[in-house]
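Secondary and tertiary structure notes
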Amino acid sequence: MTELATPPVEERTGVTRISHWIGGRTVAGSSGRSGPVFNPATGRQTGAVDFASVEEVDQAVQAAKAAFETWRHVSLAKRAELFFTIRELVHERREEAAKLLTQEHGKVLSDALGEVTRGLEVIEFCCGLPTLLKSEYSEQASTGIDVS
């Protein structure tokens, strides 16, 4: 098996460090390991994504658990309203999001736009959460996905 880990980003120039997002803030990886991100058009390395340590994964899980304690008390109507707002923001900035996917994950732009569109489908599904909780069966809620 080939090891993809590269030296820490500080040792290279012209490469953007891609850190973690934990608890609403950027957290630089502390494992000392990262993986390369390449621009698919040029083949050049443009970024390096930090690999998480066990402690960072645990920190992310604990942050998610803490956020859930607040989220679980938000009404279904408010949740749907928030998802509609998120949907509008993602829709308005879909090209920007696709460009970020290209930069950070080495995807070609058309593939990244497809991923953003797929993400919008998931958000739109969440917008209907109050209706979905009535325990009805829906075919093709998203391409190839049935829900009950």
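Below: a short report on this structure. (Residues numbered from 1 in each chain as written. Predicted model: local features only at pLDDT ≥ 70, side-chain atom pairs only at ≥ 80, totals over all residues. Heavy atoms only, no water.)

**Digging into the pattern of salt bridges**
Across all of its chains, the model carries nine salt bridges by this definition. For Arg17, the salt bridge is made with Asp50, and the minimal N-O distance between the two is 3.0 Å. One end of the pair, Arg17, is in strand β1 (residues 16-18); the other, Asp50, is in strand β5 (residues 45-50), and 33 residues separate them in sequence. Arg72 is the partner of Glu69 in a salt bridge, and the nearest nitrogen-oxygen pair spans 3.6 Å. Judged by its relative accessible area of 40%, Glu69 is partly exposed. In this structure, a network of salt bridges that share partners links the residues Arg87, Glu88 and Glu124. (Salt bridge = Lys/Arg side-chain N within 4 Å of Asp/Glu carboxyl O. Helix = DSSP H or I, 4+ residues; strand = E, 2+ residues; numbered from the N terminus. Buried < 20%, exposed > 50% of the residue type's maximum accessible area, 1.4 Å probe, protein only.)

**A look at helix α2 (residues 76-92)**
Over its 17 residues, α2 extends 24 Å from the first C-alpha to the last, a length consistent with the 24 Å expected when each residue adds 1.5 Å. Taken as a whole, α2 has its buried residues at Arg79, Ala80, Phe83 and Arg87. Taken end-on, α2 shows its buried residues confined to a sector of 95°, consistent with a single buried face. Those residues of α2 that are exposed and aimed more than 90 degrees away from the buried face are Ala77 and Glu92. Looking at the packing, one finds that the buried side of α2 touches α1 (54-71), α4 (109-127) and α5 (129-132). (Expected span 1.5 Å × (residues − 1). Arc of directions from axis to C-beta. Contact = heavy atoms within 4.5 Å.)

**Structural notes on the sheet that holds β5**
Read from one edge to the other, the open sheet built from three strands follows the order β1-β5-β4, with strand pairing classed as mixed. Looking at strand neighbours, the two that pair on one side only are β1 and β4 (34-38), the edges of this open sheet. Adjacent strand axes in the sheet meet at a mean angle of 30° when their direction is disregarded. Alignment of β4 against β5, held across five bridges, turns out to be antiparallel. Bridge pairing in β5 links Phe38 to Gln45. (Pairing = 2+ DSSP bridges. Axes fitted to C-alpha atoms, helices over the stretch in contact; angles between N-to-C directions.)

**Some details on a nonpolar patch on the surface**
A contiguous nonpolar patch, built from Phe68, Trp71, Leu82 and Ile86 and spanning about 330 Å² of accessible area, is present on the exposed surface. Elements that contribute at least two residues to the nonpolar patch include exactly α1 and α2. (Patch = residues over 30% accessible without salt bridge, like charges linked within 9 Å, V, L, I, M, F, W, Y side chains within 5 Å. Areas by Shrake-Rupley, 256 points an atom, 1.4 Å probe, with all protein chains shown as cover.)

**A word on the environment of Thr46**
In this structure, Thr46 sits in strand β5. We classify Thr46 as partly exposed; its relative accessible area is 28%. Once the C-alpha coordinates of Thr46 and His105 are considered, the two residues, 59 residues apart in sequence, prove to be 9.7 Å apart. In this view, Thr46 contacts Gly14, Val15, Thr16, Val37, Phe38, Asn39 and Gln103; residues no more than four positions away in its chain are not counted.

**As for the pairing of β5**
Here β1 pairs with β5 via three bridges, running parallel. Counterpart to Arg17 in the pairing with β5 is Ala48.

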